[in-house]
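The primary structure of each chain is shown beneath.
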Amino acid sequence: MPEGSKNTLIVRVFEDYNTTLLLGDYSNVFTALVFSTALHGGFKQANVSVAMTLPEAWLFLSQNKQGKGRHFAHLQIEDGTNVVWEGRIMDIGLSVESTFIGLNLGAFGYWSSMRDQYYDPDDTGNTNWKVGGPHVVSSIIKEMITQECPDINGTAGIDANAQDVVGIDLTARAYPMDVIIDKLAPLSDTDNVPWYFSVWEDRKPDWSARSLANVDWFV
């Protein structure tokens, strides 16, 4: 867990990423909390155990005529006024024990939404990257996010580069995450500096060159 104590961490669940409808504030009732970040990726995974009554837990678990429960609800973790993690609740487990009654919530950062829909260059409005050009990686990443990743907030953080990849074969239908993370994001610019893709606060993506002059470490 990043620096800070349980008393300073705010753990809240909202209906969605607009954070207009608060479903619950669990800052004072969570019993375990672990969250992680990574490159590539950004906000990766979070797991939190929250004590609650069985009727409260049912609001999360319900998946019948009453809707999707609280799967895909927005989990936000703050340290003071700083957002230190955000993502979507994807896994909900009920725990009923002598010492604990509540839920174990598993969430993933919004990078995971890049596996919600397929990208196909043959779809209407998409580009055939094997012809024409020059085509640079930033243009491909922006198109994939714009066309198939509605939970990602814009493309302003995708830096342009000069590496021409015209002729790249993207003809197979694939998830943007698989193409971006495995195939495109590791490609460097013409100066061979490593580039990394991530999705951070406010669901904003970033694809940029790593600074080799200064590396800051936080524990």
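All of the points below concern the structure found in this document. None of the values given here were measured: they were computed from a predicted structure. (Residues numbered from 1 in each chain as written. Predicted model: local features only at pLDDT ≥ 70, side-chain atom pairs only at ≥ 80, totals over all residues. Heavy atoms only, no water.)

What follows deals with the packing of aromatic side chains. Per the stated rule, a full pass over the model turns up seven aromatic pairs. Taking 6.1 Å as the distance between ring centres and 80° as the angle between the ring planes, the aromatic pair formed by tyrosine 17 and tyrosine 110 counts as edge-to-face. Of this pair, tyrosine 17 sits in the loop between strand E1 (9-14) and strand E2 (22-25) while tyrosine 110 sits in the loop between strand E7 (101-108) and helix H2 (137-148), and the two are 93 residues apart along the sequence. With relative accessibility at 2%, the residue tyrosine 110 sits in the buried group. Look at phenylalanine 43 and tryptophan 200: their rings are 5.2 Å apart centre to centre, the planes differ by 85°, and that puts the pair in the edge-to-face class. Highlighted residues: phenylalanine 43 in strand E4 (residues 41-51) and tryptophan 200 in the loop between strand E8 (195-199) and strand E9 (205-209), separated in sequence by 157 residues. Take tryptophan 200: its relative accessible area is 27%, and that puts it in the partly exposed class. Every member of this aromatic cluster is reached through a ring pair, and the members are Phe43, Trp85 and Trp200. In this structure, lysine 44 is placed above the aromatic ring of tryptophan 111, and the distance from its NZ or CZ to the ring centre is 4.1 Å. (Phe/Tyr/Trp six-rings, centres within 6.5 Å; stacked < 30°, edge-to-face > 60°. Helix = DSSP H or I, 4+ residues; strand = E, 2+ residues; numbered from the N terminus. Buried < 20%, exposed > 50% of the residue type's maximum accessible area, 1.4 Å probe, protein only. Lys NZ or Arg CZ within 6 Å of the ring centre and 35° of its normal.)

Let's shift gears to the pattern of salt bridges. In this structure the tally under the stated criterion is seven salt bridges. Aspartate 116 is paired through a salt bridge with arginine 88; the nearest N and O atoms lie 2.8 Å apart. In this pair, aspartate 116 sits in the loop between E7 and H2 while arginine 88 sits in strand E6 (residues 82-96), placing the two residues 28 residues apart along the sequence. Its relative accessible area of 40% is what places aspartate 116 among the partly exposed residues. Residues aspartate 178 and arginine 115 are paired through a salt bridge, measuring 2.7 Å at the closest nitrogen-oxygen approach. Residue aspartate 178 is found in helix H3 (residues 176-184), and its partner arginine 115 is found in the loop between E7 and H2; the two are separated by 63 residues along the sequence. (Salt bridge = Lys/Arg side-chain N within 4 Å of Asp/Glu carboxyl O.)

Next up on the list: the packing of H2 against H3. Two numbers describe how H2 lies on H3: the axes approach to 10 Å, and their chain directions differ by 165°. Here H2 is positioned roughly antiparallel relative to H3, judged by the angle of their axes. Relative to H3, H2 is oriented so that their crossing is left-handed. Facing Val137, Ile140, Ile141, Met144, Ile145 and Glu148 of H2, the residues of H3 in contact are Pro176, Val179, Ile180 and Leu184. Looking at side-chain class alone, the contact of H2 with H3 contains nine nonpolar, no polar and one charged residues. (Axes fitted to C-alpha atoms, helices over the stretch in contact; angles between N-to-C directions. Parallel < 35°, antiparallel > 145°, perpendicular 65-115°, else oblique. Left-handed = near helix turned anticlockwise from the far one by under 90°. Contact = heavy atoms within 4.5 Å. Nonpolar A, V, L, I, M, F, W, Y, C, P; charged D, E, K, R; others polar.)

Turning to unusual backbone geometry, a few remarks are in order. Omega for the bond connecting leucine 39 with histidine 40 falls within 30 degrees of zero, at 0°, which places this linkage in the cis form. Along the polypeptide, histidine 40 turns up in the loop between strand E3 (30-38) and E4. Even without being a glycine, phenylalanine 72 presents a positive backbone phi close to 75°. Mapped onto the elements of the fold, phenylalanine 72 is located in the loop between helix H1 (54-61) and strand E5 (74-79). Phi angles above zero are rare outside glycine, and arginine 203 is one such case at about 65°. As for its placement among the helices and strands, arginine 203 is situated in the loop between E8 and E9.

As far as function goes, none of this settles anything; it's purely spatial.
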